[in-house]
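For reference, the chains in residue letters:
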Amino acid sequence: MTDDTRLVPPPRELDLASHAFFLDFDGTLAPIVDHPDAVKLAPETAELVQRLADACDGGVAIVTGRALASVRPHLGPLSLVVSGSHGHEIHWPDGPETEAAQAAELDAAFAALDGFASDRGLRIERKPGAVALHYRNAEHHGADARAAVEAAVAGDPDLRAIHGNMVSEAALARAGKGVAVRELLKSAPFRSKTPIMVGDDVTDEDGFRAAADLGGFGLRIGRASTDAAYQVETMDDFFGWLDGLLPPADGKSGSGQEH
Ligand SMILES: [Mg+2]
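Residues numbered from 1 in each chain as written. Predicted model: local features only at pLDDT ≥ 70, side-chain atom pairs only at ≥ 80, totals over all residues. Heavy atoms only, no water.

1. Structural notes on the domain arrangement of the protein chain
Argument step 1. Domain boundaries assigned for the protein chain yield domain 1 (16-87 + 176-245) and domain 2 (104-172).
Argument step 2. Each of domain 1 and domain 2 was reduced to a C-alpha centroid, and the two centroids are 24 Å apart.
Argument step 3. Residue-level contacts link 16 residues of domain 1 with 13 residues of domain 2.
Argument step 4. Across the domain 1 to domain 2 interface the summed buried area is about 1000 Å²; carbon plus sulfur atoms make up 51%.
Argument step 5. On the surface where domain 1 and domain 2 come into contact, there are one salt bridge.
Argument step 6. With a shortest N-O distance of 3.3 Å, Arg-160 and Asp-206 are connected by a salt bridge.
Argument step 7. Applying the counting rule to domain 1 against domain 2 returns four residue pairs in polar contact (both at pLDDT 80 or more). (Domains from an automatic or database assignment. Contact = heavy atoms within 4.5 Å. Buried area = accessible area lost by both parts, 1.4 Å probe. Salt bridge = Lys/Arg side-chain N within 4 Å of Asp/Glu carboxyl O. Polar contact = N/O pair within 3.5 Å; in protein donor to acceptor, adjacent residues only side chain to side chain.)

2. A look at the sheet that holds strand S4 (residues 89-91)
Argument step 1. Reading across the sheet, the seven strands line up as S4-S3-S2-S1-S9-S10-S11 and stay open at both edges, with mixed pairing between neighbours. At either end of the open sheet lies a strand with only one pairing partner, and these are S4 and strand S11 (230-232). Within this sheet the neighbouring strands show an average axis-to-axis angle of 20°, counted without direction.
Argument step 2. For strand S3 (residues 81-84) and S4, the ladder comprises three bridges, and the chain directions are antiparallel. Within S4, the residue paired with Val-82 across the bridge is His-91.
Argument step 3. Packing against the sheet, helix H5 (residues 177-184) makes contact with strand S1 (19-23), strand S2 (60-63), S3, S4 and strand S9 (194-199), and its axis sits at approximately 155° to S2. (Pairing = 2+ DSSP bridges. Helix = DSSP H or I, 4+ residues; strand = E, 2+ residues; numbered from the N terminus. Axes fitted to C-alpha atoms, helices over the stretch in contact; angles between N-to-C directions.)

The following block contains the structure:
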């Protein structure tokens, strides 16, 4: 783990055509908001990510803990591969609009956590590959929520607890952002490219390690202890880095995002 007070900027030059980018959504491409449905991807961010995708021959995927159904409506004009529910779901831009079934392994955990959530007024979300307890608006319940999720997965080898920023999840043990990165790299347009995972949360650490194992690296946004090789302070720092790697946008002398 790197020291959480020392930021390590990523390389200023990169052969983009030989790299694939796996990008978390909340806190990485869009600011974190109180209710997940209120999230907004800024048009200039969408444009930046599109330029990146063009430079990488399409090798850019969104890898999020959100269910596919709760991220795809927020992507605006972006037509990218999206992995949802921590790698449990994958949508290809020209693929069918199917939604993964809710995993039956999560039934008991959902039943246990549903009562816990309603007693405390917490929002519970059943995703195809996880049950999430959200406590962004009730931070004082965070420790209890984490403990309840740990209890709900205890003794079940099919499940594991994932604790993120203001959310704790009972998730399928076989899912994870590292799994998503490895799975996507098996297919075009990602195959034989060097992976770069970018994220802002504990749930992205899996992806950072997978990217490093496969010859690439992780980039973590925000000051926190991390296994990512590189770390920047804010989303804008990340956008500035990307912008510096990219050829100028069409018809402009620069995109105006340089720092
Ligand atoms: Mg995030």
